Amino acid sequence: MGTISLKNISKSFGSTQVLNNLNVDINDGEFLTLVGPSGCGKSTLLRIIAGLEQQTSGDVLIDNKNVNRVRASERDLAMVFQSYALYPHLTVRRNLETPLRLRDYNAFERLPLIGNFSPSKKEKTESINQLVNKTSETLKISELLDRKPGQLSGGQRQRVALGRAMVREPVAFLMDEPLSNLDAALRVHMRSELSELHNSLKTTFVYVTHDQAEALTMSSRMAVMIDGNLLQLDKPQEVYDNPSSLSVAQFVGSPKINIFKGTADSSGMISFLNVNLKRKSSESNTDLHIGIRPEHLEITNESNENTFSGTVAYRENLGSDIFFHVNIEDGSNKIIVRGLPQFTHQISNGSSVNIKRVSDKALLFNQAGMRVQFTNA
Amino acid sequence: MEAKQYIGEGWKHAILIIGAIVVMLPFYMMVSMSLKSQQEIQSISGGLIGAQETQTFPVCVKTGYSEETCTMKPYQYNYWFAFEKAPIPRYLMNGVIVTLSIFIIQVLVALPCAYALAKLRFYGREFVFSMVLFCLLIPVHGIALPLYVMLAQAGLVDTYSALILPWTISVFGIFLMRQFFMTVPDELIDAARMDGMGEYAIVWKVMLPTAIPALLAFAIFSVVAHWNDYFWPRMVITGNRDLFTPPLGIREFRGGIDSDEFGPMMASIVTVTVPLIVAFIIAQKRFIEGITLTGMK
């Protein structure tokens, strides 16, 4: 089992409030990602779960047991750090053995030399060896066991760090940006490996990242945190399609969502620029933010009441897609539009284009940045 | 490289070589004098090792040895007589006992202190650290008298304890190790905590091995200082010759009937200096190899 519940967690360093009354329930076997811009408190939250940091108020429950007063080492959690934090003076094998030795040997057996006289030590050593061998085979690091961490590449160190976490078979894994020290290609590769590992271990993963792509690709649920507040906790697709607030919409998705200034008239009819959405907002007579993702805008030849025009300022070619950074004609916005290469390859910087929106995909937010729903009328 | 660069490098080397000669010259004199006869030393002749003529040494005869025993080559005589005249092995052993005890206890005290000052958060930490810095400013000689009086009151004068106890807490060691521990990533300590280590286990099993280079630097400092220390042993070892450390032992060659026999004196100094130089060379190799924190980032 590996359920973790956080109840009303707050944390402040001096007068700075870092976490603001958070409530999260993490299910057994779940891959939960804590995602947010740097400084949002996600790492602090992870360290509170781990027991490396004490919360100012609130409760941490692991398997429904309150662990507020339980030390980090006794919570039966394993953590993978951004810098891997392998013991630099020990071989890979000893690095993997360390958590097991500390757990299995008693104080006498850990003594150098005379510890070997304990009758039960031999048996324990054997089981430790077996676990280390099993883990290193799973992670394909068997041939690295006799090396020191300094002799390994970034990816190999990453695996060893994972291995050190795995050998103990903990109730949950905590990962603090484990991929951010790897190069881009390896990072993408490790994403899929981590997902596979999660599938085969079926243990709870709590994963902290500032990279929303990692959150979207790997997690079963993602928790978006900004400024110490938990803004949304849901499945990745749901967070992407249905962000609860303007900040979440802007944080999740790359390139960033386009925000237009719009208004709802007395009947709730929404319009922005020269475009009329022909749909009604639940809030009337107010200014609104209208969010449309780059893939929901198209470059078109038509020019009618559903299109608006602008000049291409910058053209970002990714091969599979081309993103056009467009200055809207009235000068109010700079927006990003996705184009398919086969239709738009001839468009260059400085050319003026007409842009059409894909209907039914706009998101509404009020002045406070909260989501506003459409009404069906 | 171009010729110009060679000339630039040449200048640097020339200056360094001159510096090296200035530093090495006393050592050269010491070794040379420990090999030559008294006449050669006094007339400043004979180059590095002298003529090495077999001769009978008058001071030896005066001390009470037979003329036959006292007839040999100067280098043999100098070293033989140095060992005959004073129990040099005993002095060396005292030196080893004292310096090693001091160093080991210094490490036992300084490492946990440095760890606490560098990595633990507790009320008053900055104050304690500023006290450490403050203690760095106190000269040993300023507190020598009170220290001596305290040891005398405790009845410890003329014991190993008197030589060791005052030096067991090294604020310099605490400061040096604290500065090094500041550079050890917090994540390594957190990882050790997650693995189940207590704070003391972290100090000895994680911090100590990563701090080997800094510790060696401190070892060189501490061992050299206390091996060569003359001032303090001179104060607290008042009568018991069995407790003499090497610098006190060399003093045996001063004064008396054979007041100015430099050969055996220099021979004893060479014997006292060599262990340090050997230890330094060994440590230096380890020092350069050092365990780095490359495994971390």
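For the structure, see preceding data.
Residues numbered from 1 in each chain as written. Chains lettered and ligands numbered in written order. Predicted model: local features only at pLDDT ≥ 70, side-chain atom pairs only at ≥ 80, totals over all residues.

Asker: How would you sum up the overall build of chain A? Please name residues and give values.
Answerer: The secondary structure content of chain A amounts to 9 helices and 22 strands. With the C-alpha coordinates aligned to their principal axes, the bounding extent of chain A is approximately 90 × 45 × 35 Å. Relative to its full complement of 377 residues, chain A shows a buried share of 38%. Residue pairs in contact within chain A that sit at least 24 positions apart in sequence constitute 65% of those at least 6 positions apart. (Helix = DSSP H or I, 4+ residues; strand = E, 2+ residues; numbered from the N terminus. Buried ≥ 20, exposed ≤ 12 C-beta atoms within 10 Å, placed from the backbone. Contact = placed C-beta atoms within 7 Å.)

Asker: Describe in detail the nonpolar core, supporting the description with residues and values.
Answerer: Within the largest apolar cluster, 152 residues are counted, with the highest numbers of intra-cluster contacts made by A:M79, A:L174, A:V206, A:V224 and B:A114. A domain-level breakdown of this core finds at least three residues from each of domain 1 (4-246) and domain 2 (255-375) of chain A. Apart from residues no more than four positions distant in its own chain, A:V206 is found in contact with A:I4, A:I26, A:L32, A:L34, A:L46, A:I49, A:A172 and A:L174. (Core = buried A, V, L, I, M, F, W, Y, C linked by C-beta atoms within 7 Å. Domains from an automatic or database assignment.)

Asker: Pulling in residues and values, what's your account of the sheet that holds strand β1 (residues 4-13) of chain A?
Answerer: Residue and element names in this part refer to chain A. If you walk across this open sheet you meet the 4 strands as β2-β1-β4-β5, and the pairing is antiparallel. The open sheet has two free edges, formed respectively by β2 (16-26) and β5 (65-66), since each of these has just one partner strand. Looking at chain direction, strand β4 (residues 57-62) and β5 are connected through 2 bridges and run antiparallel. When the bridges of β5 are listed, L61 appears paired with N66. (Pairing = 2+ DSSP bridges.)

Asker: So what's going on with the interface of chain B and chain A? Which residues, and what values?
Answerer: Interfaces are often described in size by the accessible area the parts lose on coming together. Listed by partner, the interface residues are 20 residues for chain B and 21 residues for chain A. Looking at the side of chain B that touches chain A, the elements with two or more residues in it are α10 (186-195) and α11 (199-210) of chain B. Element by element, the count of residues in the side of chain B that touches chain A is highest for α10(B), at 7 residues. The residue inventory of the side of chain B that touches chain A, partitioned by class, reads 10 nonpolar, 5 polar and 5 charged. (Nonpolar A, V, L, I, M, F, W, Y, C, P; charged D, E, K, R; others polar.)

Asker: Residues and numbers for unusual backbone geometry, please.
Answerer: Residue and element names in this part refer to chain A. Following S254, the chain continues to P255 via a peptide bond in cis, the omega torsion being 0 degrees. Assignment of secondary structure puts P255 in the loop between α8 (246-251) and β11 (258-264). Unlike most non-glycine residues, D76 shows phi in positive territory, near 60 degrees. Note that D76 resides in the loop between β5 and β6 (77-80).

By themselves, these observations are geometric and do not establish any function.
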